[in-house]
Amino acid sequence: MTTAEAESGMSGGTAIAASALPNQPAGERALSVLWSFAKCLGALLPVYLAGYYGFSISVVLFGLMIYMGWKHSRLEKVMRLKSAMYLLDEMTFTTEKDFRAKRDLRPWVNFPDVEKVEWLNKILQQAWPFIGQYLEKLLVETIAPSIRASSIHLQTLSFTKVNLGDKALKVVGVKAHTEHDKRQVMLDLDLSYAGDVEINVEIKKYFCKAGVKGVQLHGKLRVILEPLIGDVPLVGAITIFFIRKPKLDINWTGLTNLLDIPGLNAMSDTMIMDAIASHLVLPNRLTIPLVADLHVAQLRSPLPRGVVRIHLLEAEDLTAKDTVIKGLIDGKSDPYAVLRVGTQIFTSHHVDSNLNPQWREMYEVIVHEVPGQELEVEVFDKDPDQDDFLGRVKVDLDIVKKARVVDDWFNLRDVPSGSVHLRLEWLSLLSSADRLSEVIQKNQNLTSKTADPPSAAILAIYLDQAHALPMRKGNKDPSPMVQISIQDATKESKTCYGTNSPVWEDAFTFFIQDPQKQDIDIQVKDDDRALTLGSLTIPLTRLMETPDLTMDQWFQLENSGSASRIYAKIVLRILWLSEDATPTTPSPRPLNPGPGIGQGGMTSELNPMGPGGLGKPPPTRPQQTTPDPEFATEGVLRIHLVEAQNLIAKDNFMGGMVKGKSDPYVKIRVAGITFRSHTIKENLNPIWNELYEVILTQLPGQEIQFELFDKDIDQDDFLGRFKINLRDIISSQFMDTWYTLNDVKSGRVHLVLEWLPRVSDLPRLEQILQFQSQQSYHNKVVPSAAVLFVYLERAHGLTLKKNGKEPKVGAEITLKGVSYKTKICERSTSPRWDEAFHFLVRDPRDEAVIVKLSHSWGQALGSFTLPLREVMMEPGLVLDRWINLDGALPESQILLRATLKVLDTQLAVCRRAPGDEGEEVIPRWVPSHLDLRRRSGFNTADNANSAGQVKLTLSYSIEESKLFITVHACRALASCSKDGADPYVTFILLPDKKATTKRRTATKKRDLNPEFSERFDFDFSLEESAQRRLDLSVKNSVSFMSRERELIGKLQLDLDQIDLKIGVTQWYDLVAEAN
């Protein structure tokens, strides 16, 4: 470059700089010119220095290459960032375009009964700043002074910032219900608020700052405009409430950042939601009267619409969560169910180690609003730490109201498999006691495992006000509250402070088992619950004598002042199940549900067999039974608990300085049945010698769990556990070995396990009986010699009831103190049960089966006794025919099949043929090491370059509008050190500029086959979910200075390649970092 060119360039640069800054001061313009000159000099300096020191031109070119490479890399990074932003904008534009296309359609085309109200959202958006101004004024001028006056510690409280943000509340959809009551208008509003609200609070006295920055609220708000009147404003009052608890998420700031800690976050949000629920979630309502002289109490606390009786019967094919050996061997689950209707929540008992549990429990819920309210059933696996999710199902109670009885299987959602059997009965509310005795008689025939018996009525009490209550000592005004008790149920009203004429306006509802025997006990007390201000007892028989079963009046209080009285409205309603929906035990699950069963829904067609799955018997009587092919396929497991050795001493003395002993006992759990051994005092090497027998259905993954405990006065100490797969016992037939206890330092248990073959060989029965007579066990159990299977199909020609009606027939079958009952059939003289039972038989030569038939377990309809010797005389030890009933009509008969199977045992020495000497030696099974690689179905040698695998579940819930990603486990991870690895899983859903979708699991120490079982959810639409890309990494948790490898393997997965609506659960290969 020549000097002239350089001068020209410099002067040009100076001119440009000067012209670009005409308004700047002279000093700043001079600095700008100097900076331009310095940049030009800096560009020429490397060339000058290279020539001055005689460097090769290659050095200059090398420096130039480095500079160009940096420039290119920088430019490429900027381009990638712009591409990502362009893609995000394109996605937003596409989504908005799609929504506009749907919005352009008529509401009835897109949503048949839910309409969009964009005009209302525009109004809310326009008015939102002014709503924020009103809220700021309300908080600063009204709420803050009242808070400061409430406590001396809060006298310096002030709201330093109140900003509702720019994002307004949105009404996603509106559904109008006008078909139910012509005197009201009912609207359902789907509300969604994801706002950037910011509210800061400061307490200067304690230097405390706290606040909220960001709130999300989603829920369905019901607005009822009633009564409609013929004058302005045309509506008498507005009632609002949430049908279900809305979903709430709060982002805390300042000192309340502590509430965002996992655990405290859920607790704080739950407390706020409970506060909202106590005012705005059914059965609580907010009623705003618009005209004077309106009876607000009737609007605020109306009578319920009805009662639903829920029979939680059983479940089938649940997901196994308690896996063994890091998921290589499927285990069981310990399922229980949580049922919700509004704020009413019930929890069933849990069934140990069973994927097909039977609960047989009954619950009753009050339904306040239909349509709208739903029954939600969630099934969980009971665990010591966090319970695992097994699925959920929701049922619209409006369907139950229309059908009266719904008896069906419902598929569980958000899980690979599982279904639950429910029977739902809609009980209408009668305002007459004429049918009360009939209802009580029906309820006596209902049986369930729930402690509470069925209710015959509900009682609604609206507590309005009291007048002239007695004063406290010192002539001070009391702070009265009311306790209302019926039998064992007690409910309390709110407290009205500093008045002797309180106004409560509270409503209460009670279930009544028998109104003829129960009373209402009302106690008016001061807020300390010690001083009684008055009492009142009202027998329900007095209420039954009133017209319409209603009392709406003042009541004189007892043990109170002469003028003290209380005003209440008391309403009794009888619970009635219509005659065409008589309660029966629900039908068994059909083998093939067919297309009528939807995902988590109900059958689309009515069962042609009617409620309970029962039909009338065919005109021609069959001569033999037709049981299910699975009949009499169960087997018998015999468990001989022999002894234990080297158990841990738990009863220590002097703080552990003196070693003691233990008082061990064993719990055995199998197929929902629990056995417990007796306790052996102060022995670390106990000998139990106890025998247990159980009839089992051969199901995959079934296990027997053994747990040892030390018996103590307060809480028993844990001594160890282990599990045995039933499949191993069945394949080996006989196992005699020691099992090492897990989760403890030492200890082992000696067991003899035998899966007994079932034969039809009568001569073999004699040998077995002879052997059993020689055995002796500490728990005095006599080993069973046979198992009896009984199939009750139907009866015919039964007698009528005394009043001439057909009976509701149930059968009870008994053998040696063990009794089973069938379901109660609908009214018929030819009932059909199709039920199977099984019994363990000690000695078939001396035992007999007794079958009794009765009407609803009351009036006897006949019976018969079947000695098992008669079954032993039948070919193949199978009796299958009609049998005459004793104590009944001559034509009264019952059709059944009885199958007897002899339980063979290898311990009973087989006799040799005549002429042979000695006895046959029975080989003992010696367990060998199980090759788990052969069982797992995953061979690490198949892919030597793989970094392992990760098991994921990817699914989308349309009902909740959420994407769910569950990280189950990893297996065969690559080792990062001599100790293996401390793996955890982290992932992000691309594109994600701000990393808001980044998640990670817990860290599992020194485990190359970790189990996580963690679920993450994202509030995405289905379209947005399909456009995401899962970028997942399995990493090793290392310290800052560690040289161990951090990344174990990666996985990238496009979600548009997966059917998210169905959901996919599978293993995915991880790619090593080198690849």
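Just so it is clear, the model here is predicted, and its values are computed rather than measured.

Attention now goes to a nonpolar patch on the surface. A cluster of nonpolar residues, Leu 45, Tyr 48, Leu 49, Tyr 52, Tyr 53, Phe 55 and Val 59, forms a patch on the protein surface that exposes about 790 Å² of accessible area. Among the elements that take part in the nonpolar patch, helix H2 (residues 26-52) stands out by supplying four residues, more than any other. Residue position: Tyr 52 is located in helix H2.

Moving on, we get to the environment of Gln 1057. Residue placement: Gln 1057 occurs in the loop between strand E51 (1047-1054) and strand E52 (1064-1071). Judged by relative accessible area, which is 63%, Gln 1057 ranks as exposed. Sequence-wise, Gln 1057 and Gln 1027 are 30 residues apart; in three dimensions their C-alpha atoms are separated by 9.8 Å. Reaching out from Gln 1057, the side chain makes a polar contact with the side chain of Asp 1056 at a distance of 3.2 Å.

Okay, the confidence of the model for the chain next. Per-residue pLDDT for the chain has a mean of 78; in total, 80% of the residues score no lower than 70. At the low end of the mean pLDDT range in the chain sits helix H14 (residues 932-936), at 32; at the high end sits strand E19 (residues 480-486), at 93. A low-confidence stretch, residues 1-22 (pLDDT under 50), is modelled with nine contacts involving residues beyond four sequence positions or located in other chains. In this model residues 910-944 is a low-confidence stretch, pLDDT under 50, and it forms 35 contacts with partners more than four residues away in sequence or in other chains.

Here the focus is the packing of aromatic side chains. Tallied over the entire structure, the rule returns 17 aromatic pairs. The interplanar angle of 35° and the centroid separation of 5.2 Å between the aromatic rings of Phe 346 and Tyr 363 together place this pair among those described as tilted. Highlighted residues: Phe 346 in strand E12 (residues 344-347) and Tyr 363 in strand E13 (residues 358-367), separated in sequence by 17 residues. Residue class for Tyr 363 comes out buried when judged on its relative accessible area of 7%. Summarising the aromatic geometry, the rings of Phe 987 and Phe 1018 are spaced 6.2 Å apart at their centres and angled 70° between planes, so their arrangement reads as edge-to-face. With a gap of 31 residues between them, Phe 987 in strand E47 (residues 983-990) and Phe 1018 in strand E49 (residues 1011-1018) connect regions that are remote in the sequence. Each member of the pair, Phe 987 as well as Phe 1018, carries the same accessibility label: buried. A connected cluster of aromatic rings, assembled from ring pairs, spans Phe 987, Phe 1016, Phe 1018 and Phe 1020. Above the plane of the ring of Trp 576 lies Lys 442, whose end atom (NZ or CZ) is 4.3 Å from the centre.

Turning our eyes to something else, we now look at the sheet that holds strand E35 (residues 748-756). If you trace the four strands from one edge of the open sheet to the other, you get E31-E26-E35-E34, paired in antiparallel fashion. Because the sheet does not close on itself, it has two edges, and the strands there are strand E31 (687-696) and strand E34 (734-740). Strand-to-strand twist across the sheet, computed as the mean angle between neighbouring axes with direction ignored, equals 20°. Judged from the nine bridges that link them, strand E26 (residues 635-645) and E35 form a sheet pairing that is antiparallel. Across the sheet, Gln 645 pairs through a bridge with Arg 748, a residue of E35.

Once that is clear, we can look at H2. Under the 1.5 Å per step criterion, the end-to-end length of H2 is 37 Å for 27 residues, consistent within 8% with the ideal 39 Å. Taking the largest bend as the criterion, H2 deviates by roughly 35°, centred on Leu 44, and proline Pro 46 comes between one and four positions later. Taken as a whole, H2 has its buried residues at Ser 32, Ser 36 and Ala 50. Gly 54 sits one or two residues past H2 and shows a positive phi near 75°.

A separate point is the pattern of salt bridges. Overall, the coordinates contain 38 salt bridges when judged by the stated rule. The residue Arg 305 makes a salt bridge to Glu 369 at a minimum N-O spacing of 3.7 Å. Of the two residues, Arg 305 is situated in the loop between helix H7 (296-300) and strand E8 (306-316) and Glu 369 in the loop between E13 and strand E14 (374-381); the sequence distance between them amounts to 64 residues. A salt bridge links Arg 309 to Glu 364; the nearest nitrogen and oxygen atoms lie 3.0 Å apart. Of this pair, Arg 309 sits in strand E8 while Glu 364 sits in strand E13, and the two are 55 residues apart along the sequence. Bridged by salt links that share partners, the residues Arg 340, Glu 376, Glu 378, Arg 392, Asp 414 and Glu 960 form one connected network.

Rules used throughout
- Residues numbered from 1 in each chain as written.
- Predicted model: local features only at pLDDT ≥ 70, side-chain atom pairs only at ≥ 80, totals over all residues.
- Heavy atoms only, no water.
- Patch = residues over 30% accessible without salt bridge, like charges linked within 9 Å, V, L, I, M, F, W, Y side chains within 5 Å.
- Areas by Shrake-Rupley, 256 points an atom, 1.4 Å probe, with all protein chains shown as cover.
- Salt bridge = Lys/Arg side-chain N within 4 Å of Asp/Glu carboxyl O.
- Helix = DSSP H or I, 4+ residues; strand = E, 2+ residues; numbered from the N terminus.
- Buried < 20%, exposed > 50% of the residue type's maximum accessible area, 1.4 Å probe, protein only.
- Polar contact = N/O pair within 3.5 Å; in protein donor to acceptor, adjacent residues only side chain to side chain.
- pLDDT = per-residue confidence, 0-100.
- Contact = heavy atoms within 4.5 Å.
- Phe/Tyr/Trp six-rings, centres within 6.5 Å; stacked < 30°, edge-to-face > 60°.
- Lys NZ or Arg CZ within 6 Å of the ring centre and 35° of its normal.
- Pairing = 2+ DSSP bridges.
- Axes fitted to C-alpha atoms, helices over the stretch in contact; angles between N-to-C directions.
- Expected span 1.5 Å × (residues − 1).
- Bend = angle between axes of the 7 residues up to and from the residue.

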